[in-house]
Amino acid sequence: MATEKLQDWESAEQLRNPTALSWRLLFTKENFHPFHQRGRRGGERKEPSSLLPSNELSLHKMQLTVLSHQTVPVCAAAMSPVLMLLGGVLLASPVRASDGSAPTTITCLTRGVDLRKERADVLCPADCPLWQFYVFGNVVYASLSSICGAAIHRGVITNAGGTVRVQTLPGKENYSAVYANGIQSQVLTRWASSFSVAGTKSGALEAAGRPLSTARPSTGKRLKKLLEKTVGNKDCKADIAFLIDGSYNIGQRRFNLQKNFVGKVAVMLRIGTEGPHVGVVQASEHPKTEFYLKNFTAAKDVLFAIKEIGFRGGNSNTGKALKHTAQRFFSLENGVRRGIPKIVVVFIDGWPSDDIEEAGIVAREFGINVFIVSVARPTTEEQGMVQDVGFVDKAVCRNNGFFSYHIPTWFGTTKYVKPLVQKLCSHEQMLCSKTCYNSVNIAFLIDGSSSVGDSNFRLVLEFISNVAKAFEISDIGSKIAAVQFTYDQRMEFSFTDYTTKDKVLSAVRGIRYMSGGTATGDAISFTTRNLFGPVRDGPNKNFLVVLTDGQSYDDVRGPAAAAHKAGITVFSIGVAWAPLDDLKDMASEPRESHNFFTREFTGLEQIVPDVVRGICRDFLNSKQ
């Protein structure tokens, strides 16, 4: 018998550090003998000389050894489920502020500017509605931002609440907009003061936890751990299909190693009722769904189901299997959840036998994020046998490097588990998911009357640009259009004219001020007919943002009602002399949350987050 110790996350030097947390997966291997790789199309390929087990590394032989402590940045608390599954015990100590006192309890909407101390420990409540948060910036936040919203955005806490250390900082310029952890922060040109957020450095249980004692925990703590295990990782909600390779390309032995790898990924994901859900489809001559998302919500059950999957053999028709998964796997009756990212992780040993590009297009149209995990890429000699050598780039959600992942061999794959899990839990990177940020059409109806003036007109265009920046604009994502009106209407650009954010922003900057009268009703009718007409039956939800500074010379109620009937959600924004009655008549229901007013054009900047939040709120409500 020989024993091989695989060290997954930390170097040997860190193991000698008594404050570091290190992990090892210990596998016992029996009956070693030289292994010969299966033959594949194009000839025999040999693994580098090494001794490998005749009996596959089975998941039930996996042991976890906790040596000491360090927080590991996997999807929040991703280590904990592994410990619970394999017998680790962690305890938490009470959280105290930096000066030894209890942290100050705050509300969901408490802002950084509300604090009077340069540094303070605060306690955020649980279950704050994410769409209510005002957050400006990233890492460094403007002080008018919600403290709890910034902490969730930064990843310091989850929506379950917790203790946050707030550090007051000087003001700055150019607070950036970044989507993270379910919150879209907003841009801000400048602000007088800032703050940063961090976790407290007390004895609190953070991320992987701290082994404070080997004593048996109380019944209450054991129950809490059990509930956490059942609920799963709330910070990594995703519906994931593992599309495994079951072709003759991979062979029986490597097929089993592939199953082991998928099992390790499933454990680290921390599957649960409110966490990730997974299913498996096997690709071979014909695709076969092994189990659906709804079948299992506990890691141990998933591991058993994976272990029982049998090898099918046949050609590696990965494209056929991917199309099958996109069209049939992700349905409500099979367990898919509304508003949760849909992901397919495709494992390919070698290369596919069929066309995978078309299947990738179908998956993107269904709002599915496709990852390709390629193993044993074709050699130079074998590339002549590959139908399309660029199959990976054409199948993934985006060809930006994030959605492709290469593993050189099926042996020693443990170190590749954590990076893949981190990708699958990075929801802000799931560009193909149908969210409010990538599944809306937003048209801006711009008042170009003489009362606006050229300088104020520039502020209106800046407002439009700031709203547009919050959305993922692409040929299959969100789209932006603009119409300017006086007594006449001018189509500045339609939904199909520009399909990248940079081109849209450039087009907005290039809009020229018309000057003239104000006929808002006719402009709404023109926009409903000419701008939204061609996209009325499309997949995106339609929004119209009307900006005006005065009384309309015609009726707005009738045209606005027609727009509502056509499925267009209308936000009305008035400046200066715009009548409040007109704003309410144009706005969608509930009118109170769909119309805004500011005395000065400079006040438009503060309305940006309200409009973005309102669009997302309406989008989510439409999916219920």
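These remarks concern the structure in this document. (Residues numbered from 1 in each chain as written. Predicted model: local features only at pLDDT ≥ 70, side-chain atom pairs only at ≥ 80, totals over all residues. Heavy atoms only, no water.)

## Digging into the overall build of the chain
From N to C terminus, the chain includes 16 helices and 25 strands. Among the 624 residues that make up the chain, the fraction classed as buried is 54%. At a minimum sequence separation of 6, the contacts of the chain that also span at least 24 residues come to 77%. When the accessible surface of the chain is summed, it comes to about 27,300 Å², and 50% of that surface belongs to carbon and sulfur atoms. (Helix = DSSP H or I, 4+ residues; strand = E, 2+ residues; numbered from the N terminus. Buried < 20%, exposed > 50% of the residue type's maximum accessible area, 1.4 Å probe, protein only. Contact = heavy atoms within 4.5 Å. Areas by Shrake-Rupley, 256 points an atom, 1.4 Å probe, with all protein chains shown as cover.)

## A closer look at the environment of T499
Looking at where T499 falls in the secondary structure, it is placed in the loop between β22 (489–493) and α12 (501–509). Residue T499 is classed as partly exposed on the basis of its relative accessible area of 34%. Taking the C-alpha atoms as reference, T499 lies 4.6 Å from S474; in sequence the two are 25 residues apart. The contacts of T499, once residues within four sequence positions are left out, are I473, S474 and D475.

## Points about the sheet that holds strand β14 (residues 239–245)
As summarised here, the arrangement of the six strands in space is β16-β15-β14-β17-β18-β19, forming an open sheet in which the pairing is mixed. One side of each edge strand has no neighbouring strand; the edge strands of this open sheet are β16 (288–291) and β19 (404–407). The sheet shows a mean angle of 20 degrees between the axes of neighbouring strands, taken without regard to direction. As paired elements, strand β18 (residues 368–375) and β19 share four bridges and run parallel to each other. Opposite V375, over in β19, you have I407 as the bridge partner. Sitting on the sheet, helix α10 (residues 417–424) is in contact with β14, β17 (342–349), β18 and β19, with an inclination near 170 degrees to β19. (Pairing = 2+ DSSP bridges. Axes fitted to C-alpha atoms, helices over the stretch in contact; angles between N-to-C directions.)

## Brief notes about the pairing of strand β20 (residues 440–447)
A regular strand carries its side chains on alternate faces of the sheet. Most of β20 sits out of view: eight of its eight residues are buried. Of the two faces of β20, the one carrying V440, I442, F444 and I446 and the one carrying N441, A443, L445 and D447 are both buried. For β20 and strand β23 (residues 541–548), the ladder comprises seven bridges, and the chain directions are parallel. Its bridge partner lying in β23, V440 is registered against K541. Two strands pair when backbone bridges link them, and β20 and strand β21 (residues 479–485) are joined in this way by seven bridges, in the parallel orientation. Among the inter-strand pairings, F444 is bridged to a residue of β21, identified as A482.

## Some thoughts on the sheet that holds strand β8 (residues 137–138)
Pairing is mixed across the open sheet formed by six strands, whose spatial order is β6-β7-β10-β13-β9-β8. Two strands lie at the open edges of the sheet, namely β6 (104–105) and β8, each paired on one side alone.

## Some points on the environment of C108
Within the secondary structure layout, C108 lies in the loop between β6 and β7 (119–124). Leave out the neighbours within four places in its chain, and C108 touches P125, C128, F133, S146 and C148.

## Some words on the packing of aromatic side chains
By the definition in use, this model includes 21 aromatic pairs. Between F261 and W410, the ring centres sit 6.4 Å apart and the planes meet at 65 degrees, which makes this aromatic pair edge-to-face. One end of the pair, F261, is in helix α5 (residues 251–269); the other, W410, is in the loop between β19 and α10, with 149 residues separating them in the sequence. Judged by relative accessible area, W410 falls into the buried class, the value being 2%. Ring geometry for F329 and F330: centres 5.0 Å apart, planes at 75 degrees, overall edge-to-face. With a relative accessible area of 1%, F329 lands in the buried category. Judged by its relative accessible area of 11%, F330 falls in the buried class. Members of the aromatic cluster, each reached through a chain of ring pairs, are F242, F261, F347 and W410. Positioned above the aromatic ring of Y175 is the side chain of K172, whose terminal nitrogen or guanidinium carbon lies 4.6 Å from the ring centre. (Phe/Tyr/Trp six-rings, centres within 6.5 Å; stacked < 30°, edge-to-face > 60°. Lys NZ or Arg CZ within 6 Å of the ring centre and 35° of its normal.)

## A short note on the side chain of T518
By the secondary structure assignment, T518 is in the loop between α12 and α13 (520–531). Take T518: its relative accessible area is 6%, and that puts it in the buried class. Only 3.5 Å separates the side chain of T518 from the side chain of S449, close enough to count as a polar contact. What T518 contacts, discounting residues up to four positions off in sequence, is D447, S449, F485, T486, Y487, T548, Q551, S552 and Y553. (Polar contact = N/O pair within 3.5 Å; in protein donor to acceptor, adjacent residues only side chain to side chain.)

## So, the side chain of T289
By secondary structure assignment, the location of T289 is in strand β16. Polar side-chain contacts of T289 include one of 3.3 Å to the side chain of H324. Dropping the residues within four chain positions of it, T289 is found in contact with V280, V281, H324 and F329.

## So, the state of the cysteines
One pass over the full model with this rule turns up five disulfides. Covalent S-S linkage joins C108 and C128, the inter-sulfur distance amounting to 2.0 Å. Every disulfide takes its handedness from the sign of the S-S torsion; for C108 and C128 that torsion is -80 degrees, giving left-handed. In this pair, C108 is assigned in the loop between β6 and β7 and C128 in the loop between β7 and β8, connecting sequence segments 20 residues apart. C128 shares its class with C108; the two are buried. Paired through a disulfide, C236 and C425 show a sulfur-sulfur distance of 2.0 Å. (Disulfide = S-S within 2.5 Å.)

These figures come from the coordinates and say nothing about function on their own.
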